[in-house]
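Descriptive analysis of the structure
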Amino acid sequence: MKASYNRLIENNKEWAAKKLDLDPDYFSDSAKGQQPEFLWVGCSDSRVPANEITNTEPGEIFVHRNIANMVVHTDLNFMSVLQYAVEVLKVKHIIVCGHYGCGGVNAAMGSLNNGLVNKWLRNIKEVYAKYEAELDAITDMQMRSNRLVELNVFEQVHNLAKTSIVQKAWASRSLQVHGWVYGLADGRIKDLGCMVDEIEDLEPIFRFEFHKEKLDA
Ligand code: CO
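Conventions adopted
- Note on numbering: residues in each chain are counted from 1, in written sequence order.
- Only residues with pLDDT of at least 70 get local features here, since the model is predicted, and only at 80 or more are side-chain atom pairs given and counted; chain-wide, interface and lining totals rely on the full set of residues.
- For side-chain calculations, the full set of non-hydrogen atoms in the structure is used, while hydrogens and water are omitted.
- Three labels apply to residues, based on accessible area from a 1.4 Å probe with only protein chains included: buried if under 20% of the type maximum, exposed if over 50%, partly exposed otherwise in between.
- Secondary structure follows DSSP: runs of H or I at least 4 residues long count as helices, runs of E at least 2 residues long count as strands, and numbering of each begins at the N terminus.
- Note on pairing: DSSP must find at least two bridges between two strands before they are called paired.
- Whether two residues are in contact is decided by their heavy atoms: any pair within 4.5 Å suffices.
- Only buried Ala, Val, Leu, Ile, Met, Phe, Trp, Tyr and Cys residues count toward a nonpolar core, and they belong to the same one when joined by side-chain atoms within 4.5 Å.
- Here is the rule: rings of Phe, Tyr and Trp (six-membered ring for Trp) pair when centre to centre is within 6.5 Å. Planes less than 30 degrees apart are stacked, more than 60 are edge-to-face, and the remainder are tilted.
- Consider the ring centre and the ring normal. A charge sits over the ring if Lys NZ or Arg CZ is within 6 Å of that centre and within 35 degrees of that normal.

Some thoughts on the pairing of strand S3 (residues 93–99)
With seven of seven residues buried, S3 is to be regarded as a mostly interior element. In S3, alternate side chains face the same way, and those of His93, Ile95, Cys97 and His99 on one face and Ile94, Val96 and Gly98 on the other are all buried. The pairing of strand S1 (residues 38–43) with S3 spans five bridges and is parallel. Each bridged residue has a counterpart across the sheet, and for Val41 the counterpart in S3 is Val96. In the sheet, S3 pairs with strand S4 (residues 176–182) via seven bridges, with the strands oriented parallel. Pairing of Ile94 across the sheet is with Val177, part of S4.

Dropping the structure here:
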């Protein structure tokens, strides 16, 4: 019996052939470079693939995924993705997309010691602590989890705004940061309506000053 992973290679062969059927230049064009308009910050959950749920093609979305779609300013991996997306690819929109039923969020709501991942989930616990009164008042645990998913997305949108990378872009061009939540149960994306696109959207303590003549420095 063939190992299950062989199916992926076979699927790839069929997929590549199908693409070529539709457009003989598909891969030669694709190899020339990428100009995605969007940076996607999503959860690693296998049920929330950025391209599939937005019905987009390779080349359209620059993607970063981690447990519970977090923006952590000491995360060298994410910050490098952000810098490249904003400063080199010059994406116009950054989308933080969480999802209801997020295992990372649910784990953060509990008190189990999960080892190393505690350190990651700690960032979500901080979000819980910030909105403790509102969240504790929701007695239905699934509804409480859903609300924390939304609040977590809201906080990550603001964490993006707090970065010098996003603020530096704002000093010279338009860049929108959106907060969305995907529903596993219905396949629909909900826009939380918490878009930020200017320095005034941020508490003054987090604002950096960028002088036009120093922008290239
Ligand atoms: Co998740």
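Comments concerning the environment of Val196
For Val196, the position within the fold is in the segment after strand S5 (189–191). Residues Val196 and His93, spaced 103 residues apart in sequence, show a C-alpha to C-alpha distance of 10 Å. For Val196, the residues in contact, after removing those within four places along its chain, are Val157, His158, Ala161, Trp170, Leu175, Gln176, Val177 and Asp201.

Considerations on unusual backbone geometry
Glycine aside, residues mostly have negative phi angles, and peptide bonds mostly take the trans form. Positive phi is not limited to glycine here, since Ala68 has a value of about 70°. Its place among the elements puts Ala68 in the loop between strand S2 (61–66) and helix H4 (76–88). Taking the relative accessible area as the measure of exposure, Ala68 reaches 0% and is therefore buried. Located in the positive-phi region is Lys90, a residue other than glycine, with phi close to 55°.

Thoughts on the nonpolar core
Ranked by internal contacts, the top residues of the largest apolar core, which has 45 residues, are Leu39, Leu82, Ile94, Ile124, Leu160, Leu175 and Val177. Of all the secondary structure elements, the ones that give two or more residues to this core are S1, H4, S3, helix H5 (103–109), helix H6 (117–130), helix H8 (141–161), helix H9 (164–170) and S4. Excluding its chain neighbours within four sequence positions, the residues that come into contact with Ile94 are Leu39, Val41, Leu82, Val86, Leu160, Val166, Leu175, Gln176, Val177 and His178. If you look at the next biggest cluster of nonpolar residues, it comprises nine residues, including Ala50, Ile61, Ile95 and Cys97.

Section: the packing of aromatic side chains
Tallying each qualifying case throughout the model produces five aromatic pairs. Note on Phe62 and Tyr84: the rings are 5.8 Å apart at their centroids and 40° apart in plane angle, and the pair reads as tilted. Residue Phe62 is located in strand S2, and its partner Tyr84 is located in helix H4; the two are separated by 22 residues in the primary sequence. According to the relative accessible area criterion, Phe62 is buried, its value standing at 17%. Members of the aromatic cluster, each reached through a chain of ring pairs, are Trp15, Tyr26 and Phe27. The side chain of Lys162 reaches across the aromatic face of Phe206, ending 4.2 Å from its centre.

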